[in-house]
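Tertiary structure, described
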Amino acid sequence: MTARFQFQLAATDGRARTGVISTPRGEIRTPAFMPVGTAATVKAMMPESVRATGADILLGNTYHLMLRPTAERIAALGGLHRFMNWERPILTDSGGFQVMSLSGLRKLTEEGVRFSSHVDGSKHMLTPERSMEIQRLLGSDIVMCFDECPALPATEAEVAKSMQLSMRWAQRSRDAFGDRPGHALFGIMQGGVTRDLREESAAKLREIGFDGYAVGGLAVGEGQEAMFGVLDYAPGLLPEDKPRYLMGVGKPDDIVGAVERGIDMMDCVLPSRSGRTGQAWTRRGAVNLKNARHKDDPRPLDEACTCPACRNYSRAYLHHVVKADEIIGSMLLTWHNLHYYQDLMQGLRDAIAGQRLAGFVADFHAMRAAGDI
Ligand SMILES: CO[C@@H]1O[C@H](CNc2nc3cc4c(=O)[nH]c(N)nc4cc3[nH]2)[C@H]2OC(C)(C)O[C@@H]12
Ligand SMILES: [Zn+2]
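All chains use their own residue numbering, which begins from 1 and follows the written sequence. Think of it this way: whatever chain is written first is A, whatever ligand is written first is 1, and the rest follow in order. Confidence filtering applies because this is a predicted model: local features only for residues at pLDDT of at least 70, side-chain atom pairs given and counted only at 80 or more, and all residues used for totals across whole chains, interfaces and linings. Note that water and hydrogens are dropped before the side-chain values are worked out from all heavy atoms of the structure.

1. Quick look at the overall build of the protein
Each helix is a run of H or I in the DSSP string that is no shorter than four residues. Each strand is a run of E no shorter than two, and both are numbered from the N terminus. Helix and strand counts for the protein come out as 15 helices and 16 strands. As defined in this context, the radius of gyration uses C-alpha atoms, and a globule is described by 2.2 Å times the residue total to the power 0.38. Taking 373 residues into account, the globule formula puts the C-alpha radius of gyration at 21 Å, and the protein, at 20 Å, falls close to it. Its C-alpha atoms give the protein principal-axis dimensions of about 60 × 45 × 45 Å. Counting across all 373 residues of the protein, residues that qualify as buried make up 56%. Note on classification: 1.4 Å probe, protein chains only; a residue is buried when its accessible area is under 20% of the maximum for its type, exposed when over 50%, partly exposed between these limits.

2. Remarks on the packing of aromatic side chains
Working definition: a ring pair exists when centres of Phe, Tyr or Trp rings (six-membered ring for Trp) sit within 6.5 Å. Plane angles under 30 degrees give stacked, over 60 give edge-to-face, the rest tilted. Counted by the stated rule, this structure contains seven aromatic pairs. With a centroid separation of 6.3 Å and an interplanar angle of 85°, the aromatic rings of tyrosine 340 and tyrosine 341 are classed as edge-to-face. Just as tyrosine 340 is buried, tyrosine 341 falls in that class too. One aromatic cluster is present, formed by Phe33, Tyr340 and Tyr341 through successive ring pairs.

3. Thoughts on the layout of surface pockets
Counted as a void, the largest pocket has a volume near 840 Å³. Grid points spaced at 1 Å over the protein atoms alone were grouped into cavities, where a 1.4 Å probe fits but cannot get out, and pockets, open sets with protein on both sides within 12 Å along at least five of seven lines, with lining residues defined by an atom within 4 Å of a point. Around the largest pocket, the lining is made up of 40 residues, and of these Phe97, Gly248, Asp267, Val269 and Arg273 lie nearest the centre. Here the lining of the largest pocket gets four residues from one element, more than from any other, and that element is helix α5 (residues 96–102). Grid points are joined across faces, edges and corners, and a volume is the space filled by probe spheres set on the points. In this model, the second largest pocket occupies a volume close to 260 Å³. Residue type decides the class: Asp, Glu, Lys and Arg count as charged, Ala, Val, Leu, Ile, Met, Phe, Trp, Tyr, Cys and Pro as nonpolar, and the leftover types, Gly among them, as polar. A class-by-class count of the residues in the lining of the second largest pocket yields seven nonpolar, two polar and four charged.

4. Things to note about the coordination of the zinc ion (ligand 2)
Protein-derived coordination of the zinc ion (ligand 2) comes from Cys305 (SG), Cys307 (SG), Cys310 (SG) and His336 (ND1), at a distance range of 2.1 to 2.3 Å. By relative accessible area, which is 1% here, cysteine 307 ends up buried. Only nitrogen, oxygen and sulfur atoms within 2.8 Å of the metal, or 3.2 Å for Na, K and Ca, are treated as donors, and water is left out, so sites may look incomplete.

5. Re the side chain of aspartate 254
Note that aspartate 254 resides in helix α10 (residues 252–260). When neighbours within four sequence positions are excluded, aspartate 254 is seen to be in contact with Gln224, Met227, Phe228 and Val249. Contacts: residue pairs with any heavy atoms within 4.5 Å of one another.

6. Re empty space enclosed by the protein
For the structure on display, the rule yields one cavity of 30 Å³ or more. Empty space within the largest cavity amounts to approximately 30 Å³. As for the largest cavity, its lining consists of Arg29, Ala32, Phe33, Gly54, Ala55, Asp56, Ile57, Gln342 and Arg349. Looking at the lining of the largest cavity, the elements that each hand over two or more residues are β4 (32–35) and α14 (327–353). By residue class, the composition of the lining of the largest cavity is four nonpolar, two polar and three charged.

7. Describing the side chain of arginine 315
Mapping arginine 315 onto the fold places it in helix α13 (residues 315–323). Here arginine 315 sits buried without a salt bridge, and the closest side chain of opposite charge, aspartate 297, lies 4.3 Å off (N-O distance). A distance of 2.8 Å separates a polar side-chain atom of arginine 315 from the backbone oxygen of leucine 301. Contact partners of arginine 315, with chain neighbours within four places excluded, come to Val287, Leu289, Arg293, His294, Asp297, Arg299, Pro300, Leu301 and Ile373. Residues scored as charged are limited to Lys and Arg (positive) and Asp and Glu (negative), so that His and the chain ends carry no count. Counted as salt bridges are all cases of a side-chain nitrogen of Lys or Arg within 4 Å of a carboxyl oxygen of Asp or Glu. Side-chain atoms alone can form a polar contact between residues adjacent in sequence; in general such a contact is a pair of N or O atoms within 3.5 Å, and within protein one must be able to donate a hydrogen while the other accepts it.

8. Considerations on the sheet that holds strand β7 (residues 104–108)
Pairing between strands requires that DSSP locate at least two bridges from one strand to the other. Within the open sheet, the three strands sit side by side as β7-β8-β9. Their pairing is antiparallel. The outermost strands of the open sheet, each flanked by one partner alone, are β7 and β9 (123–126). Averaged over all adjacent pairs, the angle separating strand axes in this sheet is 20°, with direction ignored. When strand β8 (residues 113–116) meets β9, the two strands line up antiparallel, connected through four bridges. Counterpart to arginine 114 in the pairing with β9 is methionine 125. All axes here are fitted lines through C-alpha atoms, helices being fitted over the stretch that makes contact, and every angle between N-to-C directions spans 0 to 180 degrees.

Now the structure itself:
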């Protein structure tokens, strides 16, 4: 077990890469998908079940945990890993994005963001320094810089101003993080969909120097075409020997396209959130278990899937428990969706290692076009 954080590239295929991130709490196989465990739980899943789906790392959120139960309480109880019974790596987002997307009344200044809690309306302040302190109290293995993700629509001038603030906050995050062997600090590239702003942001982050680099400011409603347009050049602006993390992505076809373009890590609420609404993601496309067509269907959701939902239950049963809003419906569909996402990542890793990514991607799209799901 290494006491350090290091990224070892194993193979490439075109711009895609596969490798391993070694951390004191275990290894992360890349390309990696991180299930989202916002409030110290991956909703509807026991931690051992999350591990059984194939996840090496999960995501936590500074914003939610600082409000409830507070970072100080989690630290006093032994840190986030002990608190939620997940001893493998955890990456925590830094809070700024969630403030902008979730909190009420907020005031943005050079210092940071003042906001009121969406939980109880209490007043809070997040700064780069406070975000670093919270993520240290949580004990997360991969810490994200405190940044600002501009809401769309935004003019290029607004995106530039926001990106430059985020770069000043990146320096403050780096300074406040200090020297923490075995823990990593990731910078976050901003710049919207404007190439020269993305280039300015990447240059600044490389000058400061980080253990990994995220592409932020995407998956905020710009659409897949615009997102891929940025990913056609943005990952290449980042150091080749460090992990590249695309935040908040995404649907299965977003993930495949991002890996083809050189992304190593992703996270998204989609598989877990949609599992709770009766939506299953399969290799043949999306299946809505609320649809009456499943009422008498004795077949499994996907006969090729080895997850508990597909091994032990029929579509008719899944339809029944989803329609009846039974808790097991969320459990089984969340498990299946996370299992499918991890199967997709394993397929991508194997294809890159075998120099056959183009064929894998062609089969991926052909399966979804075939219909009959
Ligand atoms: C499909 O899920 C919806 O889309 C959002 C995911 N998209 C996303 N883009 C992100 C960008 C950043 C960023 O620039 N910086 C930091 N620090 N974190 C970020 C986190 C991000 N997540 C989810 O967020 C909501 C809840 C709005 O809907 C979900
Ligand atoms: Zn399954």
